[in-house]
Structures are given as structure tokens and as C-alpha cells.
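Coordinate analysis (summary)
Each chain, letter by letter, is given below.
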Amino acid sequence: MDALPPRTRPLRLALLGNPNCGKTALFNALTGARQKVANYAGVTVERKTGAVALPSGARALLVDLPGTYSLRARSPDEEVTRDVVLGARADEPAPDALIAVADATNLRMALRLLLELKATGRPLVLALNMVDIAERQGLRIDRAALSQELGMPVVDTVAVRRRGLDALLEAAEQAALAAPAPAGWRPASAEALRSLHAEAARIHRLAVRPPERPDTWTGRIDAVLLHPVAGTLILLVILFLMFQAVFAWAQPLMDAIDAGFGALGGLVKATLPDGLLRSLIADGIIAGVGSVLVFLPQIVILFLFIILLEDFGYMARAAFLMDRMLGVAGLHGRAFIPLLSSFACAIPGIMSARVIDSRHDRLTTILVAPLMTCSARIPVYTLIIAAFIPDRQVWGVIGLQGLVMFGLYAAGIAFALIAATVIRRVFWRSAAQPFLMELPSYKLPSLRNVAQNVLLRAQIFLRRAGTIILAMMIVIWFLSSFPGAPEGATDPAIDYSIAGRIGHAIEPVLAPIGFNWQIGVALIPGMAAREVSVGALGTVYAVAAEGDEVAAALSPTLASHWSMATALAFLAWFVFAPQCASTLAVVKRETNSWLWPGVMFAYMITLAYLAALITYRVALALGGG
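In this report, we go over the structure that sits alongside the text. Computed from a prediction, not measured in an experiment: that's the story for all the values here.

Quick notes on the overall build of the protein
When helices and strands are tallied, the protein shows 25 helices and 11 strands. Among the 625 residues that make up the protein, the fraction classed as buried is 51%. Of all intrachain contacts in the protein linking residues separated by at least 6 positions in sequence, the fraction that spans at least 24 positions is 73%. Working note: accessible area of the protein is about 27,500 Å², and carbon and sulfur atoms make up 64% of it.

Looking at the nonpolar core
In terms of nonpolar packing, the biggest core is built from 101 residues, with Phe-336, Trp-562 and Phe-570 touching the most fellow members. With 10 residues, the top contributor of residues to this core is helix α23 (residues 564–576). What Phe-570 contacts, discounting residues up to four positions off in sequence, is Val-380, Ile-384, Phe-515, Ile-519, Leu-523, Leu-537 and Trp-562. Core analysis: the second largest hydrophobic core is formed by 35 residues, Val-84, Leu-113, Ile-203 and Val-208 among them.

Observations regarding the pairing of strand β5 (residues 97–103)
Counted residue by residue, β5 has seven buried out of seven residues, so it is predominantly covered. Side chains of β5 alternate between two faces, with Ala-97, Ile-99, Val-101 and Asp-103 and Leu-98, Ala-100 and Ala-102 buried alike. Looking at chain direction, strand β1 (residues 11–17) and β5 are connected through five bridges and run parallel. Looking across to β5, one finds that Leu-13 is bridged to Ala-97. Direction of pairing for β5 relative to strand β6 (residues 124–129): parallel, over a ladder of six bridges. Bridging across to β6, Leu-98 finds its partner in Leu-124. As a crossover connection, the stretch from β5 through helix α3 (residues 107–119) into β6 is right-handed.

Looking at helix α24 (residues 581–591)
The element α24 is extensively covered by neighbouring structure, given that nine of its 11 residues are classed as buried. For α24, every residue scored as buried is listed here: Ala-581, Ser-582, Thr-583, Leu-584, Ala-585, Val-586, Val-587, Glu-590 and Thr-591. Following α24 by one or two positions, Asn-592 has its phi on the positive side, about 55°.

Description of the packing of aromatic side chains
The description of two aromatic rings rests on the distance between their centres and on the angle between their planes. In the structure shown here, the tally under the stated rule is eight aromatic pairs. Pairing Phe-515 with Trp-573 gives two aromatic rings, centres 5.8 Å apart and planes at 65°, and the pair type is edge-to-face. Remark: Trp-573 occurs in helix α23 and Phe-515 occurs in the loop between α19 (498–510) and α20 (517–523); sequence separation between them is 58 residues. Judged by its relative accessible area of 3%, Phe-515 is buried.

A word on helix α6 (residues 165–177)
Look at α6: 18 Å from first C-alpha to last across 13 residues, which is about the 18 Å you get at 1.5 Å a residue. If you check which residues of α6 are buried, you get Leu-165, Leu-168, Leu-169, Ala-171, Ala-172, Glu-173, Ala-175 and Ala-176. The inward-facing, buried residues of α6 abut β1, α1 (23–31), β3 (46–53), β5, β6 and β8 (154–157).

Examining a nonpolar patch on the surface
Taken together, Phe-415, Ile-418, Val-422, Val-426 and Phe-427 make up a surface patch of nonpolar side chains, about 470 Å² in accessible area. Residue Val-422 is classed as partly exposed on the basis of its relative accessible area, which comes to 42%.

A short note on the pairing of strand β4 (residues 59–64)
Inspection of the sheet shows β1 paired to β4 by five bridges, in the parallel sense. Its bridge partner being in β4, Leu-15 is matched across the sheet by Asp-64. The turn linking β3 back onto β4 is made up of five residues, and Gly-57 within it adopts a positive phi angle of 100°.

Notes on the environment of Pro-338
Structurally, Pro-338 can be placed in helix α13 (residues 336–341). Judged by its relative accessible area of 0%, Pro-338 falls in the buried class. The spatial distance from the C-alpha of Pro-338 to the C-alpha of Pro-348 is 7.5 Å, given a sequence separation of 10 residues. Those residues in contact with Pro-338, other than ones at most four positions away along the chain, are Gly-349, Ser-352, Ala-353 and Thr-365.

A word on the packing of α1 against α6
At their nearest, the axes of α1 and α6 sit 11 Å apart, and the two run at 90° to each other. As judged from the angle between their axes, α1 and α6 are roughly perpendicular. Where α1 abuts α6, its residues Leu-26, Ala-29 and Leu-30 lie against Leu-165, Leu-168 and Leu-169. For the contact of α1 with α6, the residue count by class is six nonpolar, no polar and no charged.

Cut-off values and rules
- Residues numbered from 1 in each chain as written.
- Predicted model: local features only at pLDDT ≥ 70, side-chain atom pairs only at ≥ 80, totals over all residues.
- Heavy atoms only, no water.
- Helix = DSSP H or I, 4+ residues; strand = E, 2+ residues; numbered from the N terminus.
- Buried < 20%, exposed > 50% of the residue type's maximum accessible area, 1.4 Å probe, protein only.
- Contact = heavy atoms within 4.5 Å.
- Areas by Shrake-Rupley, 256 points an atom, 1.4 Å probe, with all protein chains shown as cover.
- Core = buried A, V, L, I, M, F, W, Y, C linked by side-chain atoms within 4.5 Å.
- Pairing = 2+ DSSP bridges.
- Right-handed = clockwise from strand over helix to strand, strands pointing away.
- Phe/Tyr/Trp six-rings, centres within 6.5 Å; stacked < 30°, edge-to-face > 60°.
- Expected span 1.5 Å × (residues − 1).
- Patch = residues over 30% accessible without salt bridge, like charges linked within 9 Å, V, L, I, M, F, W, Y side chains within 5 Å.
- Salt bridge = Lys/Arg side-chain N within 4 Å of Asp/Glu carboxyl O.
- Axes fitted to C-alpha atoms, helices over the stretch in contact; angles between N-to-C directions.
- Parallel < 35°, antiparallel > 145°, perpendicular 65-115°, else oblique.
- Nonpolar A, V, L, I, M, F, W, Y, C, P; charged D, E, K, R; others polar.

Structure representation (C-alpha cells):
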């Protein structure tokens, strides 16, 4: 390697490419655990950076830019990528060199982006990734001709096997230090885009030869997995297994976390004297953190499945299969992943809506994602169903309680599609964007890469959701604790608190749907997290139990105080009500506006009230009083 001149600062290298090209795996292989994740200033797009050691002995900063198909910037992610490449962001220095990652098995998709990047004048190196898969498929790429036509170094890489990394970094360092001044760049006209297409097609014909041994496995597998009937059935089986894993595998870990925080809270109560400090730590901070961490196993398992399916190449096929059904409601095929994630928790579902290019499609998905039945609703559903729905068989084979639970899930899905239809046709009358997604080649996931990505997702969830819900739990604790009960009071302390007074104040509004003031009080702490309503009901009705025993002790109390109509209305309320402050806060972060959380809260609270009203009145008419 030639001697390099000394530098006063580390090189900045930007990694970019099409989605599904193996860019994230390459970033993980280059940076290892030396990664930092934050947001770009003013937007919700993630900024991933990592330190890398160059072959020369110097160090460089590697920036992982969001995936993009072009510099036309059709989504916030692509806009950030374009602006960083062009050095147009005030908070992000221009990169010294670009490392463009291309899937060697599907080079045609990358060539147009490469030509656009070349026009920017930035020093550029092509990482021809997944060359091992291309070789197995019999693809023959003339690398010398490709390098000559593109005017940039071309380096073979296999990210999951750490192959070609030193050569790639050496080429990037040489390109950065021999950098010419960037050329002027402006968005391509329609004629220029046609020229880019033609040039990309010409280069593809010159550098890539048809495979000597055509890959038939992808075609054979897709013939089954993309079949309208067989493919849909397979997808349903995979989803069934996923949800079984999310709920069954996670339960022991959730119980352990719940028990741990319960023991910690008990230790605090046993150690500190009775008073505000003990209540704040035990009931506010520990309960707040525990209410988030208890769902971490479900989040981790869900993301494990999603990342495995994405790396294998199946998730794009699943989105393709779901596009027709979602399209009826005006949703994009890519909305499948956010809606799927929302069954565990709406927070990661809303965060994953970033994969949708169209702003209107993305906002529609964000607004309906909380209607999917998240795991936080399950404690409430289980409590009411156990108290009011008899444990008997329907038609001799189907449990009535399970049938009611299924109906609640189905109602959430159905109304999410209905709400999406209304939003698209009333607020955004523009035609839905066509669903275009490149189907990547099938490949075995790298366990190391999967583990690294799952850990990263878990950290992001804890940082974003945990801080928000902790703050909200402290606020709810304050409302539920002040002012305290007067001397000699016999009613529960919460009856005298701000939350209790609010419950009494809103009782006339709740009366038409069958709710009493005690339910109104329980709905207030339930704003922090839905499952908190169970504990709040236990407090209001003075149930002498703690932890997991609250629900069992509360069921007979509710059965004696509530009518069947009230219980069914309460279930209907929870299908729609936006009782999760952390979800609203994440919507604000993802949209950079309080408008959309306000819209979400308004339409969901309206739906909740109407659903509870109709359910209550119909149940009364049928003798459920």
C-alpha cells in the first residue's frame, strides 16, 4: 500500500445501497460492537455510526445510511441518505468517500443508483456483496469491465463470512485521500432518468453473463411460497407459530421479570418507612420500569422472527402476498410488517413503519397500528372474560372464553382495515402508491448478525419506550396519590386523589356506556399502560392482594358489582381506546408533530365510546343488565 499523507481528523466513510443488499450485515462485520445509534437532528431517521480500523493503522468513522433505490428521496429515510451524500446537512459533515453495497445476485437494481452516486463527484467504491451466492448460482461478473465502465474500484465481499473487508477498507481509504472536488449535482429530469436506465442496462449486459448453471431453487421455492393459495396458507402457519412463540416462549421470562420487580418493590416497602418517598420509588419508578421491561421478552422474540425472516428473504414475499388484502383498505403491502409487529406492542410497529416510502401510506399505517390487539390488552381481556364468560364448550369443541378472545382480536384487525379505508378515502384521496419490492435471493441468516440486530432493536425499544412510560408512570402516581386521604377516612385513598376526583367528575359522561366512577378512576392510570388498569381496579375495589394475585381476587368482586352489559362494554372500550401514553409519545417522535398523536387520540377515543355505547345498549336489550 502506498504511503498516505497524515490527516488531522479521522476519515468519514458512508455505507449505502439498495434495501436487502446485505448493507447492515456488512456494517456489523466492519464495526462489530463499536456502534452508536441515535437520530438525525430534526427527523426520526436512525443514525448508525461505528468506528473501524483501516489497514493503514488509521481509524475511520463509518456511517450506515438508510437503504435507497435512488437519490430522488421519496421517503424521510431516502431524503436523509441523499442529503448526507451531498453534504447538505448542517449537523453531518460530508463523507470523505462512499462505499456503495450491491447484491451480486441482483446487480441490475444497483447500477442506476451507482450512476447517480457517480454524478455527485464523491469518491466511490463498489462493494460487490454476496458473491458466494452469485457464484453458486453460476453468475459470471466481469469485474474488470464493471470497474472500467463505472470508473470506480470494485471489491468482492461476503459480509456474513467477513470476506474482503480489508480490501474494501483499503480501497475506500485510497479513494478518499485521492478525492477530486465534488461535481455539481441536481435532480435528474425524466429524460435523464431514461438515460440512466439505458446506461445501467448497457453496463449490465457488458459485465454480467447468464449463469452457466441457472439457479432453479429460488424459482422452485417461490412457486410454492408465492402461490395464491398454498403461499397464503404457509404464511398463516408461520404467523401462527410466531404468535405461539411470542406468547408461549415469552411467558416464563415475563413471569421472572414480573417476580423480580415485585420482589424489588416489596424490598423497598419493607426497608423504607411508609410515606411519599416509598410510594414514589415502589409504586411509581419500580412499577413504571417493570411495566415496560415485562414485555421485553415478547419484543425480543418478535424481532427475532422478523429479522430471521428478513435475512432469509421471506419477509418480502410475505409483504407481496398481503399486498392484495391490504390494498383493499388502501394500505401499502409494506404495512404488513408494522401491523404484524403491533400485535406484540404498537411501539415497535409504529417505528417499523419507516420502511414505507409514501408519507400518506406511512401515516395511515401509524394511525391504525394501535388498533391491532397488543399484548398489554391481554391482562384486561383475561380478567373480564374469566369473571363474566362461562368456561364451557360451544358445539362441543370450541371453548367459549377462547372464542370471545378470538373475537376481540378479529374486531381489532377488522376495524384497523376499516379505519385505514376511511382515512385513505376521506383525508387522502390520492391513489395508493404501487407496490414495488425487489424479491431478494434466499440465503441462510448469519446468527451473529441476527443476534446483533435483535440486541440493537431491544436497546432502542428500552431507551425510547422506557423513558417515556417511566415519566408517565410518575405523573400517574402523582395524580393517584395527591392529595392523600383525610384523617380517619375509610374509603380507599385513591378516592380522595386527583385521579379519584377526575373519576367522579367524568362519571356522568361514562354513565351512558355503563361505566361507574370506579371504572373512570381505573382508566386514568391505564393511560400509562393498559394493563395498569387491572391493578387500579384492584385498588379502587380494595382487593387485598398484590402482583399476579390481583386478577384472581378481583374477578369475583367485579362479577358481583358489574352487569354483563357493563363488562362487555368495558371489553369493547379496550378494543379501541388509546390508553397508552408511550404509544402517543412515539407517534409524536415518528411524525415530528403533536397533530397526529392528537388525531389518533381523538378518533380512537371516539370509536371506543361509540363501541362501548352500542355494546352496552344492545346487551341491555338482550337481557344483559
